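Breakdown of the fold
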Amino acid sequence: LWTAPFDRNSVDQILAGVRGAVVVTGDGVYGLDSSTGKVTWSFATTEPNGRSYRENAEPLKGASIYGGRSAFTSPNGAWLAYALNVSPESSFSDTDSGVDVTRVVVLSTDTGRVALDTQVTGAAPAVQLTDSKTVINRKVYDTAGGRELHAARRGEGGDSGTRWALRCGRPG
């Protein structure tokens, strides 16, 4: 039996990774060894003294990338998509255009390695994660390599251009 080094009020989510639990907190994401409970890797959004790397970097609470949560795993548990609000402070002003910017990071749940790190406009991007591919809005990425493969095009095989479909084969 072991306990994890987190205050129960700071834990937002606990997800299953390939080697153990993955804990999402207001300070970042942490991989735990399932036999000891020790942190084996981390992706921190705050410095050890508690200050944010960016003053307004925090998990997207209430904005849905998956069921209203800021993180979710691939079907096999090998990858974790994590979203942070990195909007410039001026976007919260009533006089500004109010452009929200979201940072989406895909991590290996085994090692914590960052496979993909991108920023998109919008407070709640459409993120899909399979065992090998990541789709963020309309861009498709090879998850392990982090490279963009191709974009989804509107109207392919759809009814009057209302469905989205992925292009197969080469871009072009």
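Residues numbered from 1 in each chain as written. Predicted model: local features only at pLDDT ≥ 70, side-chain atom pairs only at ≥ 80, totals over all residues. Heavy atoms only, no water.

What follows deals with the nonpolar core. Of all hydrophobic cores here, the largest spans 15 residues; its most connected members are Phe-72, Trp-79, Ala-81, Val-106, Val-127, Leu-129 and Ile-136. Secondary structure elements with two or more residues in this core: β7 (79–85), β8 (101–108), β9 (114–121) and β10 (127–129). With near-sequence residues (within four places) excluded, Leu-129 lies in contact with Phe-72, Thr-73, Ser-74, Pro-75, Trp-79, Leu-80, Ala-81, Val-106, Thr-134 and Thr-143. Val-29, Ala-71, Val-101 and Leu-107 belong to the second-largest nonpolar core, a separate cluster that totals 14 residues. (Core = buried A, V, L, I, M, F, W, Y, C linked by side-chain atoms within 4.5 Å. Buried < 20%, exposed > 50% of the residue type's maximum accessible area, 1.4 Å probe, protein only. Helix = DSSP H or I, 4+ residues; strand = E, 2+ residues; numbered from the N terminus. Contact = heavy atoms within 4.5 Å.)

With respect to the helices and strands, the residue Thr-25 is situated in strand β2 (residues 21–25). Within the structure, Thr-25 has its side chain in polar contact with the backbone nitrogen of Asp-27 (distance 2.9 Å). (Polar contact = N/O pair within 3.5 Å; in protein donor to acceptor, adjacent residues only side chain to side chain.)

Right, let's get into the environment of Ser-74. Mapped onto the elements, Ser-74 comes out in the loop between β6 (71–73) and β7. A residue is classified by how much of its surface remains accessible, and Ser-74, at 2% relative accessible area, is buried. With 57 residues separating them along the chain, Ser-74 and Asp-131 place their C-alpha atoms 5.6 Å apart. With residues up to four places along the chain from it excluded, the contact list for Ser-74 reads Trp-79, Leu-129, Thr-130 and Asp-131.

Pairing between side chains becomes possible if they bear opposite charge and their charged atoms approach one another. One pass over the structure, following the stated rule, counts two salt bridges. Note that Asp-110 is salt-bridged to Arg-19, the shortest N-O span being 3.2 Å. Of this pair, Asp-110 sits in the loop between β8 and β9 while Arg-19 is found in the loop between β1 (11–16) and β2, placing the two residues 91 residues apart along the sequence. Asp-110 sits in the partly exposed class, given a relative accessible area of 29%. (Salt bridge = Lys/Arg side-chain N within 4 Å of Asp/Glu carboxyl O.)

Turning our eyes to something else, we now look at unusual backbone geometry. A positive phi is found at Asn-137, a non-glycine position, where the angle reads about 55 degrees. Residue position: Asn-137 is located in the loop between β11 (133–136) and β12 (139–142). Under the relative-accessibility criterion, Asn-137 is labelled partly exposed at 35%.

This paragraph deals with the packing of aromatic side chains. Counted under the stated rule, the structure contains two aromatic pairs. Ring geometry for Phe-43 versus Tyr-82: centroids 6.3 Å apart, planes at 85 degrees, classification edge-to-face. Of this pair, Phe-43 sits in strand β4 (residues 39–44) while Tyr-82 sits in strand β7, placing them 39 residues apart in sequence. The pair Phe-43 / Tyr-82 is uniform in exposure class, with both members buried. (Phe/Tyr/Trp six-rings, centres within 6.5 Å; stacked < 30°, edge-to-face > 60°.)

Pairing is antiparallel in the open sheet, where four strands are placed in the order β1-β2-β3-β4. Two strands in the sheet have a free side with no partner beyond their single neighbour: β1 and β4. Neighbouring strand axes in the sheet, compared pairwise and without regard to direction, differ in orientation by 20 degrees on average. By the bridge criterion, five bridges tie β1 to β2 in an arrangement that is antiparallel. The residue of β2 that forms the bridge with Leu-15 is Val-22. (Pairing = 2+ DSSP bridges. Axes fitted to C-alpha atoms, helices over the stretch in contact; angles between N-to-C directions.)

This part covers the confidence of the model for the protein chain. The pLDDT averaged across the protein chain works out to 76; a share of 70% of its residues lies at or above 70. Taking the mean pLDDT of every element in the protein chain, the minimum, 40, falls on strand β14 (residues 164–166) and the maximum, 93, on β6. Across residues 58–63, confidence stays below pLDDT 50; counting only partners more than four residues off in sequence or on other chains, it has 21 contacts. With pLDDT under 50 throughout, residues 156–172 is counted as low confidence; its partners more than four residues away or in other chains account for 26 contacts. (pLDDT = per-residue confidence, 0-100.)

To continue, consider the pairing of β11. Sheet topology places β10 next to β11; three bridges connect them, and they run antiparallel. The residue of β11 that forms the bridge with Leu-129 is Thr-134. A loop of three residues connects β10 with β11, the two strands running antiparallel in sequence. Here β11 runs beside β12; their pairing, made up of four bridges, is antiparallel. Bridge pairing in β12 places Val-135 opposite Val-140. The turn joining β11 and β12, which pair antiparallel and follow one another in sequence, is formed by two residues; a positive phi near 55 degrees is taken by Asn-137.

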